[in-house]
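# Structural overview for review
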Amino acid sequence: MSGKFSEAKNRKRIWRGGEIDADPFNLPEHVAIKATAWSERALGFIRFATIYKDAVSAYDSSPILGRFEWSEPISAYEGVALRILPRDTERKNFMAIVELSHRDHPAHSLVIYAGEDGVDASSRWRAWGRVLNLQLLIEDREGTLHPAERRLGAIQIANPQPHMAANPLSHRRPLAFGQSGQARLWGSRLAVGARPHAY
């Protein structure tokens, strides 16, 4: 991954927007996203975007500065990123964010899901990656994006997992997905690429 890409994504921002749930199986899909940066919010910017199978067409609209149109081919996006962002400076509440992450122009990255349910976020993240044929990216604690899956050509590589018959409890629904008392947006629920280990 290029240094330029890593540098551009190496920051944790605060999500000040509401919930968003664009449907990858209903293309072309339309989204409206309020600006989250203070400077853009002060100017009343809202992004209106349409996502096609092969392109994104959008305009950023401000009642003060007017309308700025832009478009990008899907090939300009590095991948579909999954992020966990705080909703406030105290970092007590979090949102799962799924974003089309632009390779060279971070301002043209596009949020396509925002919600408190980590399971829904993970499902949308994978679905958007399949539909647009983009790699899955995941954000670390420092705010840097990394490929979520190892691949050898078109083949996904995963760590060996225990066979279902190896443990009489392994056929049961894992505790991480049950009534464990943990909040629904729980980091370990956003497991990447494989079933949880048997226990």
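As a reminder, the structure under discussion sits directly above these lines.
A brief structural summary. Given the structure is predicted, the values throughout are model-derived calculations rather than measurements.

Reading the values: rules and limits
Residues numbered from 1 in each chain as written. Predicted model: local features only at pLDDT ≥ 70, side-chain atom pairs only at ≥ 80, totals over all residues. Heavy atoms only, no water. Phe/Tyr/Trp six-rings, centres within 6.5 Å; stacked < 30°, edge-to-face > 60°. Helix = DSSP H or I, 4+ residues; strand = E, 2+ residues; numbered from the N terminus. Buried < 20%, exposed > 50% of the residue type's maximum accessible area, 1.4 Å probe, protein only. Expected span 1.5 Å × (residues − 1). Polar contact = N/O pair within 3.5 Å; in protein donor to acceptor, adjacent residues only side chain to side chain. Pairing = 2+ DSSP bridges. Axes fitted to C-alpha atoms, helices over the stretch in contact; angles between N-to-C directions. Core = buried A, V, L, I, M, F, W, Y, C linked by side-chain atoms within 4.5 Å. Contact = heavy atoms within 4.5 Å.

## Things to note about the packing of aromatic side chains
Per the stated rule, a full pass over the model turns up two aromatic pairs. Measuring from centroid to centroid gives 6.1 Å for Phe45 and Phe68, while their planes differ by 45°, and the two rings are tilted. Here Phe45 is found in the loop between helix 2 (38-42) and strand 3 (46-51), whereas its partner Phe68 is found in strand 5 (residues 66-73), with 23 residues between them in sequence. Assessed through its relative accessible area of 42%, Phe68 is described here as partly exposed. Measuring from ring centre to ring centre gives 5.2 Å for Phe48 and Tyr59, while their planes differ by 25°; the resulting arrangement is stacked. You can see Phe48 sitting in strand 3 and its partner Tyr59 sitting in strand 4 (residues 55-62), a full 11 residues away along the chain. Looking at Phe48, the relative accessible area reads 32%, which means it is partly exposed. By relative accessible area, which is 24% here, Tyr59 ends up partly exposed.

## Concerning helix 3 (residues 118-132)
Counted at 1.5 Å a residue, the expected span for helix 3 with its 15 residues is 21 Å, and the 21 Å between its end C-alpha atoms agrees. Capping the start of helix 3, Asp117 holds a side-chain oxygen 2.9 Å from the backbone nitrogen of Val119, two or three residues further along. Following helix 3 by one or two positions, Asn133 has its phi on the positive side, about 55°.

## Here's the deal with the sheet that holds strand 3
An order of 2-3-4-5 is seen for the four strands of this open sheet, with the pairing classed as antiparallel. Taken across any chain shown, the strands that pair with only one partner, and hence form the sheet edges, are strand 2 (29-34) and strand 5. Along the sheet, successive strands turn relative to each other by an average axial angle of 15°, direction set aside. Where strand 3 and strand 4 come together, six bridges link them in antiparallel fashion. When the sheet's bridge partners are listed, Arg47 is paired in strand 4 with Asp60.

## Notes on the nonpolar core
In terms of nonpolar packing, the biggest core is built from 33 residues, with Trp15, Val56, Val80, Val98, Leu100, Leu110 and Ile112 touching the most fellow members. Listing elements by their share of this core, those giving two or more residues are strand 2, strand 3, strand 4, strand 6 (77-86), strand 7 (94-102), strand 8 (110-115) and helix 3. If we skip the residues at most four places from it in the chain, Val80 touches Val98, Glu99, Leu100, Ile112, Trp125, Trp128, Gly129, Leu134, Gln135, Leu136 and Leu137.

## Structural notes on the pairing of strand 7
Looking along a regular strand, one sees side chains alternate from face to face of the sheet. Among the nine residues that make up strand 7, eight are buried, leaving the element largely enclosed by the rest of the structure. In the sheet, strand 7 pairs with strand 8 via five bridges, with the strands oriented antiparallel. Its bridge partner lying in strand 8, Ala96 is registered against Gly115.

## Brief notes about the pairing of strand 4
Side chains Val56, Ala58, Asp60 and Ser62 project from strand 4 onto a buried face, and the interleaved Ala55, Ser57, Tyr59 and Ser61 project onto a face without burial. Connecting strand 3 to the antiparallel partner strand 4 that follows it, the hairpin turn spans three residues. Of the pairings in the sheet, the one linking strand 4 to strand 5 comprises eight bridges and is antiparallel in character. Residue Ser61 lies in a different strand from strand 5, and its bridge partner there is Arg67.

## Points about the sheet that holds strand 6
With respect to topology, six strands assemble into an open sheet ordered 1-8-7-6-9-10, the strand pairing being mixed. Each of the sheet's edge strands pairs with one partner strand only, and the pair in question is strand 1 (20-21) and strand 10 (145-147). Note: strand 9 (residues 136-139) against strand 10, three bridges, orientation antiparallel. Following the sheet pairing, Ile138 is matched in strand 10 by His146.

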